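# Descriptive structure summary
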Amino acid sequence: MSKFFSMLKGIRHFVLPSILCLMPGTFQGNLLAQTYTIKVVSDTVISTGVNHLAWESVEPRWSGDIVVADWNPSVQLKTIKANNELKGYQTTQQMMRSYEQTSSPNRKVVAGINGDFYKAGGVPVHSQLIDGEILKLPVQRDAIAVDEEQRFYLGSFSYLGQLETLDSSTVLAIDGVNMAREADQLIVYNQYYGDSTYTNAYGYEVVLEQLDFRPINRPELFRVVELEDYEKGFIPDGHVVLSAHGVKVPYLQALTQGDSVRITHGLLQDQRPISEQPALVEFIGGSKVFLHDGQVDGNWPERHPRSALGFNSDTTKVYLFTVDGRQESSVGMSLTEMGEVMKHFGAAYAINLDGGGSTTLVANDRVLSSPSDPTGQLRVSNAVILVQDQ
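All of the points below concern the structure found in this document. (Residues numbered from 1 in each chain as written. Predicted model: local features only at pLDDT ≥ 70, side-chain atom pairs only at ≥ 80, totals over all residues. Heavy atoms only, no water.)

As a further point, take the overall build of the protein. Helix and strand content of the protein: 4 helices and 28 strands. Taking 2.2 N^0.38 as the reference for a compact globule, 390 residues should give roughly 21 Å; the C-alpha atoms of the protein span a radius of gyration of 22 Å, in line with that estimate. Principal-axis analysis of the C-alpha atoms gives the protein an extent of 70 × 45 × 40 Å. Looking at the 390 residues of the protein, the share that counts as buried comes to 56%. Of the accessible surface of the protein, which amounts to about 16100 Å², a share of 49% is contributed by carbon and sulfur atoms. (Helix = DSSP H or I, 4+ residues; strand = E, 2+ residues; numbered from the N terminus. Rg over C-alpha atoms; globule rule 2.2 N^0.38 Å. Buried < 20%, exposed > 50% of the residue type's maximum accessible area, 1.4 Å probe, protein only. Areas by Shrake-Rupley, 256 points an atom, 1.4 Å probe, with all protein chains shown as cover.)

Dropping the structure here:
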């Protein structure tokens, strides 16, 4: 499934009444013949056009939090990675603090939510893009991507990468990004992999300096600065390393210092050529798009703490949604239940993020959700943040 969200052009910020003025303080729903009543406990303005809603239900016992933001040119959705490396763990709050410390003083991180599921070492299950740079290959699960015009794309994605010489005499398929090199493969390594490719002595590597920076699905220009001893494997700061084995080694050996090449990383949703795909700058994975055009399609019947990212039908609002769970005060939700409740709050599209002990929602450096782990926030792999121009 794939869905393109077209953001309305020319939208500018304007002050809306409090969300509680737009909806009743409580609403009733019916889920599989079970009636429930959602009560909005509080509605707090956390920034211009950004509200925090705390909500609860008596039966089933639910408590949760939502950050609802007006989607306009002053707000950006970004993804962040623990320790700024492919491997690594930090709490959502720690990642947000690190991002804010290194960003412009005119930009404020107003809210954030935990991101993708992850594997050993803190490697996200799916791909991730940060400011147009790819961390790893995608898998066959749903994800959300954002293009350079801040339009949204939900669904599954596949990878197609290529290395091309400027005279187009050589076009070589890229087999992977930031992963172990195997037989007859060409792998691209960047700063998110660390300071070494950790490859063996049976290959050949070239260090590239990046000359321009473009989004995913657009070619980027590089210059060869070093023909590396393949036993070394060092990744200089701010550079990219091409690592080849077997049948692909001669193509790298044909390069000389000063040569220019193009690299294109493609994340595709359909059969159109890369050049016709959207120019993506941010990307993060989840397990499933469970709310699509107002239709709920949940596939996880057990109740757990949950996190989700959603939008209303015309993408004028973005939702960071959490429900607490595994606690006396809140039993957690199934995906179907979460879809129905998010619909009541106005969402028409939503993707499920990592839940359980990972579920965390933060705004203005304060944890809004109630983490289920006894130790508090879990260290996770990555997160989604809302950044607002001040």
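After that view, the rundown keeps rolling.
It is worth spelling out the pattern of salt bridges at this point. Scanning the model with the defined rule gives 12 salt bridges in all. In this structure, Glu205 engages Arg181 in a salt bridge whose closest nitrogen and oxygen atoms are separated by 3.8 Å. Here Glu205, found in strand β16 (residues 203-210), pairs with Arg181, found in the loop between β14 (176-177) and β15 (186-189); they are 24 residues apart in sequence, far enough to count as distant. Summarising the burial analysis for this pair, Glu205 and Arg181 share the class buried. Arg223 serves as the salt-bridge partner of Glu209, at 2.7 Å between the closest nitrogen and oxygen. Taken together, the positions of Glu209 in strand β16 and Arg223 in strand β17 (residues 220-228) put the pair 14 residues apart, joining distant regions of the chain. Owing to a relative accessible area of 27%, Glu209 belongs among the partly exposed residues under this scheme. Salt bridges linked by common partners bring Lys78, Asp131 and Glu282 together as one network. (Salt bridge = Lys/Arg side-chain N within 4 Å of Asp/Glu carboxyl O.)

Across the sheet, which stays open at both edges, the 8 strands sit in the order β13-β12-β19-β17-β16-β18-β15-β14 with mixed pairing between neighbours. The open sheet terminates on both sides in strands that have one partner only, identified here as β13 (171-174) and β14. The pairing of β16 with β17 spans 6 bridges and is classified as antiparallel. By the bridge assignment for β17, Leu208 is matched with Val224. (Pairing = 2+ DSSP bridges.)

One open sheet accounts for 5 strands, arranged β6-β28-β7-β26-β27; its pairing is antiparallel. With one partner strand each, in any of the chains shown, β6 (75-81) and β27 (366-367) form the two edges of the open sheet.

It is worth spelling out the side chain of Thr92 at this point. Here Thr92 lies in helix α2 (residues 92-102). Take Thr92: its relative accessible area is 1%, and that puts it in the buried class. Sequence-distant contacts of Thr92, defined by excluding residues within four places in its chain, comprise Gly112, Ile113, Asn114, Thr360, Val362, Gln377, Val380 and Ala383. (Contact = heavy atoms within 4.5 Å.)

The next thing to look at is the packing of aromatic side chains. Using the criterion set out here, one finds 10 aromatic pairs in the structure. With 5.7 Å between their ring centres and 25° between their planes, Trp55 and Phe321 make a pair best called stacked. Taken as a pair, Trp55 in strand β4 (residues 50-57) and Phe321 in strand β24 (residues 317-323) lie far apart in primary sequence, 266 residues in all. A single burial state applies to Trp55 and to Phe321, both of which are buried. Measuring from ring centre to ring centre gives 6.4 Å for Trp55 and Phe345, while their planes differ by 55°; the resulting arrangement is tilted. With Trp55 in strand β4 and Phe345 in the loop between α4 (335-344) and β25 (349-352), the pair connects residues that are 290 residues apart, well separated along the chain. Residue Trp55 shares its accessibility class with Phe345, and that shared class is buried. Taken together through their ring pairs, the aromatic side chains of Trp55, Phe321 and Phe345 make up a single cluster. (Phe/Tyr/Trp six-rings, centres within 6.5 Å; stacked < 30°, edge-to-face > 60°.)

Residues Leu163, Leu208 and Leu252 are the most contacted members of the largest nonpolar core, which totals 31 residues. With near-sequence residues (within four places) excluded, Leu252 lies in contact with Leu163, Leu186, Tyr204, Val206, Leu242, Ser243 and Ala244. In terms of nonpolar packing, the next biggest core, distinct from the first, is built from 29 residues, Val75, Ile144, Leu368 and Leu386 among them. (Core = buried A, V, L, I, M, F, W, Y, C linked by side-chain atoms within 4.5 Å.)

Moving on, we get to the pairing of strand β10 (residues 143-147). Burial of β10 is extensive: 5 of the 5 residues sit out of reach of the surface. Burial along β10 is two-sided: the face carrying Ala143, Ala145 and Asp147 and the face carrying Ile144 and Val146 are both buried. Here 4 bridges tie β10 to strand β11 (residues 152-155), and the two strands are oriented antiparallel to one another. Paired with Ala145 across the bridge in β11 is Tyr153. Hairpin connection of β10 to β11: 4 residues between the antiparallel strands, including Gln150 at a positive phi of 65°.

This part takes up α2. Side chains three or four residues apart in an α-helix point the same way, a direct result of the helix having 3.6 residues per turn. When α2 is considered as a whole, its buried residues turn out to be Thr92, Gln93, Met95, Met96 and Tyr99. Along the axis of α2, the buried residues cluster in a sector spanning 160°; they form a single face. For α2, the exposed residues set more than 90 degrees away from the buried face come down to Gln101 and Thr102. Contact partners of the buried residues in α2: β6, β7 (107-114), β26 (361-363), β27 and β28 (382-389). (Arc of directions from axis to C-beta.)

For Pro371, the position within the fold is in the loop between β27 and β28. Sequence-wise, Pro371 and Asp324 are 47 residues apart; in three dimensions their C-alpha atoms are separated by 6.9 Å. In this view, Pro371 contacts Gln327, Thr359, Gly376 and Gln377; residues no more than four positions away in its chain are not counted.

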